[in-house]
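Inside the fold
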Amino acid sequence: MGDLQLEAIYKDFPSHRVVDGISLTIPQGCFYSLLGPSGCGKTTTLRMIAGFDEPDRGLIRLGGRTLNGLRPYERPVTTVFQSYALFPHLTAAENIAFGLKRKGDPDTARKVKEALDLVQLSAKADRLPAKMSGGERQRTALARALVLQPEVLLLDEPLSALDPKLRKQMRLELKELQARVGITFLFITHDQEEALSLSDRIAVMNQGRLEQIGTPQEIYLAPATRFVAGFLGAVNWVGAIGVRPEMTRISREAPGNGARVVEATVSSAMFLGDCFQVETKTPAGDSIIAQIAHGIGEFQRGERVHVWWHPGDEMAIPQ
Amino acid sequence: MMRLRALFLLPAWAFTLLLFLAPLLIIVVYSLQTKGVYGGVVEPWTLENYTRLFDPLYGVILFRSFLMAGVSTLGCIVLAFPLALYIARSGTRKTLLLNLVMLPFWTSFLVRTYAWMFLLRDTGLVNSVLLALGVIAEPLPLLYNDWAVIVGLIYGYLPFAVLPLYSNLERLDKSLLEAAADLGAKPWEAMLHVVLPLTAPGMRAAGVLVFIPCLGAYLTPDLLGGGKSMMIGNLVQNQFTSARDWPFGSALSLALMLIVMLLLWALLRRDGEEVL
């Protein structure tokens with residue numbers, strides 16, 4: 001047991017470099033997310049940890065032990081695949097028993113039963129994957145990987161195949177599950193909301209490189225690069241200063257002391273249900289969007305307004 | 001709309017009725033009549049041709065045919081599986097390799113069977129090489145026995161086993177093998193517990209496609225068995241030629257057809273149309 005460490009990992013595909021010098025440490029027992037757009041190299045990074053691909057350069061260590069060169073079946077990590085990759089000819093219980101049987105575990109029956117209980121699938125133990133719902137397949141895949149008590153569980157976009165409502169519910173279950181089993185989770189996702197709500201730490205990747213590593217608050221509120229700022233949420237750019245729309249205020253009168261103010265004209269106002277979204281244009285031509293709560297009042301197109309934010313709400317990003 | 005559809009189906013119906021059902025009907029009629037002195041059929045109508053089928057003599061030949069076809073089918077699948085797996089994993093060379101598997105079809109089956117005679121006979125390539133190398137002192141009796149027939153059948157029908165197995169293995173989700181390895185299965189364990197069970201439909205299809213033509217084979221046992229290795233196909237042929245017993249030949253063919261249909265039904269009942 002121990003921390004999972006990647007040291008200067010490089011991986012080239014025939015056409016381009018997919019992973020370009022990644023170094024990071026994933027503390028034991030942490031819910032860690034690799035967040036980035038598709039093609040950023042996050043899945044390749046996961047595959048190198050699982051042993052499906054080998055890095056061209058760099059070391060993968062787990063608690064001081066080097067994993068490089070070990071076959072996937074020799075590594076103390078297991079994977080929840082994006083498509084789940086459940087064995088279609090085996091029932092939920094048989095899928096979960098697969099890894100234990102390969103190890104010749106004498107306690108297979110009890111462990112399978114416990115794993116089924118853990119993911120609340122005891123009633124569906126004898127069901128084939130084809131007869132399961134999306135959520136049931138997801139839980140089977142989780143139980144199948146967890147029952148082997150890996151040192152690290154790798155999750156490759158495990159929620160992306162679910163419908164939005166189920167996805168939110170599974171998100172909660174996943175978080176609770178990780179807290180209960182205490183195993184290191186490495187979660188791969190392109191969904192910033194998922195990463196923010198689940199993770200202890202997030203590493204943001206772009207074009208094969210790490211952009212920033214930090215807690216969800218750190219990377220959302222103090223992004224290190226423009227890419228991170230933009231990937232985690234909408235940003236209004238006023239020169240080198242970025243402000244999130246929900247931090248942006250609008251008023252007809254000039255705000256009080258200390259506020260950073262820009263004068264602008266309302267170009268559109270939309271009611272979004274939970275808030276109003278007001279889009280404004282500055283004389284310099286920048287577009288600034290503000291999400292404002294009900295009760296602040298409605299703004300009309302063409303109206304001249306003050307757009308402002310409290311000091312400290314802006315993100316100063318080094319160019 | 002309905003009429004137009006009927007018009008396009010007409011050639012297919014005409015073809016089926018004229019060239020498939022009509023000959024079948026003729027065979028049914030022949031099988032119920034008496035043999036003529038110089039071949040052909042004459043009155044009276046009789047069921048005797050069918051009662052003769054139960055003669056142990058023919059039962060032995062039928063059993064031999066099943067055995068030979070069964071061994072050949074097994075041989076085909078055992079040889080075809082690794083080949084199909086290799087082709088399915090060959091990336092861009094798949095098409096080339098598949099065409100190589102089909103290559104023998106470019107020449108006549110008869111010519112290719114003769115080629116096997118040249119390979120296997122006492123003065124043939126195999127014996128010549130072994131003699132020249134001093135491995136053997138006398139030519140091995142490779143031709144004109146059951147094994148020669150089985151080798152010929154496996155050779156002839158191997159592509160029919162490769163193709164369904166290939167299409168099955170090709171569709172096999174690669175992530176299942178990764179999942180197996182991830183869960184601790186060594187490559188041979190993944191093969192045994194994941195690939196083999198999931199290729200069962202392909203194996204059944206290969207089995208049907210090879211077993212049926214092997215069961216009715218007559219050219220291969222005739223040429224490579226040298227008349228010593230009779231299968232039911234040769235028996236049918238004999239009735240229409242040297243024995244001049246068309247009615248019994250017809251009854252035999254119908255019996256063979258019935259057996260094949262029962263077999264197919266038993267197999268296809270399991271996984272519906274998915275097999276073929």
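Every value quoted in this text rests on a predicted model; they were computed, and no experiment measured them. (Residues numbered from 1 in each chain as written. Chains lettered and ligands numbered in written order. Predicted model: local features only at pLDDT ≥ 70, side-chain atom pairs only at ≥ 80, totals over all residues.)

As for the sheet that holds strand β13 (residues 249–251) of chain A
All names here are of chain A. The sheet built from 5 strands is open, its strands ordered β13-β17-β14-β15-β16 with antiparallel pairing. Looking along the sheet, the strands with just one partner apiece sit at the ends: β13 and β16 (287–292). Within the sheet, the average angular offset between the axes of one strand and its neighbour, ignoring direction, is 45°. (Pairing = 2+ DSSP bridges. Helix = DSSP H or I, 4+ residues; strand = E, 2+ residues; numbered from the N terminus. Axes fitted to C-alpha atoms, helices over the stretch in contact; angles between N-to-C directions.)

Looking at the nonpolar core
Core analysis: the largest hydrophobic core is formed by 77 residues, its most contacted members being I96, A143, L153, L154 and L186 of chain A. Here this core gets 6 residues from one element, more than from any other, and that element is helix α2 (residues 92–103) of chain A. Setting aside anything within four residues of it in sequence, one finds A143 of chain A in contact with I96, A115, L116, L118, V119 and L121 of chain A. Counting 46 residues, the second largest nonpolar core, distinct from the first, contains Y157, L165, Y166 and I212 of chain B. (Core = buried A, V, L, I, M, F, W, Y, C linked by C-beta atoms within 7 Å. Buried ≥ 20, exposed ≤ 12 C-beta atoms within 10 Å, placed from the backbone. Contact = placed C-beta atoms within 7 Å.)

A few points about the interface of chain B and chain A
Taken together, the contacts link 15 residues of chain B with 19 residues of chain A. A total of 6 residues in the side of chain B that touches chain A trace back to one element, the largest contributor, which is helix α8 (residues 174–182) of chain B. Among the residues forming the side of chain B that touches chain A, the class breakdown is 8 nonpolar, 2 polar and 5 charged. (Nonpolar A, V, L, I, M, F, W, Y, C, P; charged D, E, K, R; others polar.)

Description of helix α3 (residues 108–118) of chain A
Each turn of an α-helix holds 3.6 residues, which means side chains three or four residues apart point in the same direction. All names here are of chain A. By the burial criterion, the buried members of α3 are V112, A115 and L116. Angular distribution of buried residues about the axis of α3 spans 100°; they occupy a single face of the element. Residues of α3 that are exposed and point over 90 degrees away from its buried face: R110 and D117. Tucked inside the fold, the buried residues of α3 contact α2 and α4 (134–146). Immediately downstream of α3, the backbone of Q120 shows phi near 55°, a positive value. (Arc of directions from axis to C-beta.)

Things to note about the sheet that holds strand β9 (residues 201–206) of chain A
Residue and element names in this part refer to chain A. If you walk across this open sheet you meet the 6 strands as β6-β7-β8-β3-β9-β10, and the pairing is mixed. Each having just a single partner strand, β6 (77–80) and β10 (209–214) make up the two edges of the open sheet. Across the sheet, the mean angle separating the axes of adjacent strands is 20° when strand polarity is ignored. As paired strands, β9 and β10 are joined by 5 bridges and run antiparallel to one another. By the bridge assignment for β10, N206 is matched with R209. With respect to the sheet, helix α1 (residues 42–50) is in contact with β3 (31–35), β6, β7 (152–156), β8 (184–189) and β9, its orientation differing from that of β7 by roughly 145°. Against the sheet, α4 makes contact with β6 and β7, and its axis sits at roughly 175° relative to β6, the strand it touches most.

A short note on the pairing of strand β14 (residues 260–271) of chain A
In the sheet, β14 of chain A pairs with strand β17 (residues 304–309) of chain A via 6 bridges, with the strands oriented antiparallel. Bridge pairing in β17 of chain A places V262 of chain A opposite V307 of chain A.

Concerning the domain arrangement of chain A
Taken domain by domain, chain A holds domain 1 (4–226) and domain 2 (234–316). For domain 1 of chain A versus domain 2 of chain A, the separation of C-alpha centres amounts to 40 Å. (Domains from an automatic or database assignment.)

Things to note about the confidence of the model for chain B
Residues with a pLDDT of 70 or more make up 96% of chain B, whose mean pLDDT is 88. Across the interfaces of the predicted complex, the ipTM metric reaches 0.86, alongside a pTM of 0.82. (pLDDT = per-residue confidence, 0-100.)

Examining the environment of P223 of chain A
Residues and elements named next belong to chain A. Within the fold, P223 resides in the loop between α7 (216–221) and α8 (226–232). P223 gets classed as buried once you count the C-beta atoms within 10 Å, which come to 23. Spatially, the C-alpha atoms of P223 and F81 are 30 Å apart, while their sequence positions differ by 142 residues. Not counting chain neighbours up to four residues away, the residues in contact with P223 comprise Q212, V228, A229, L232, M315 and I317.

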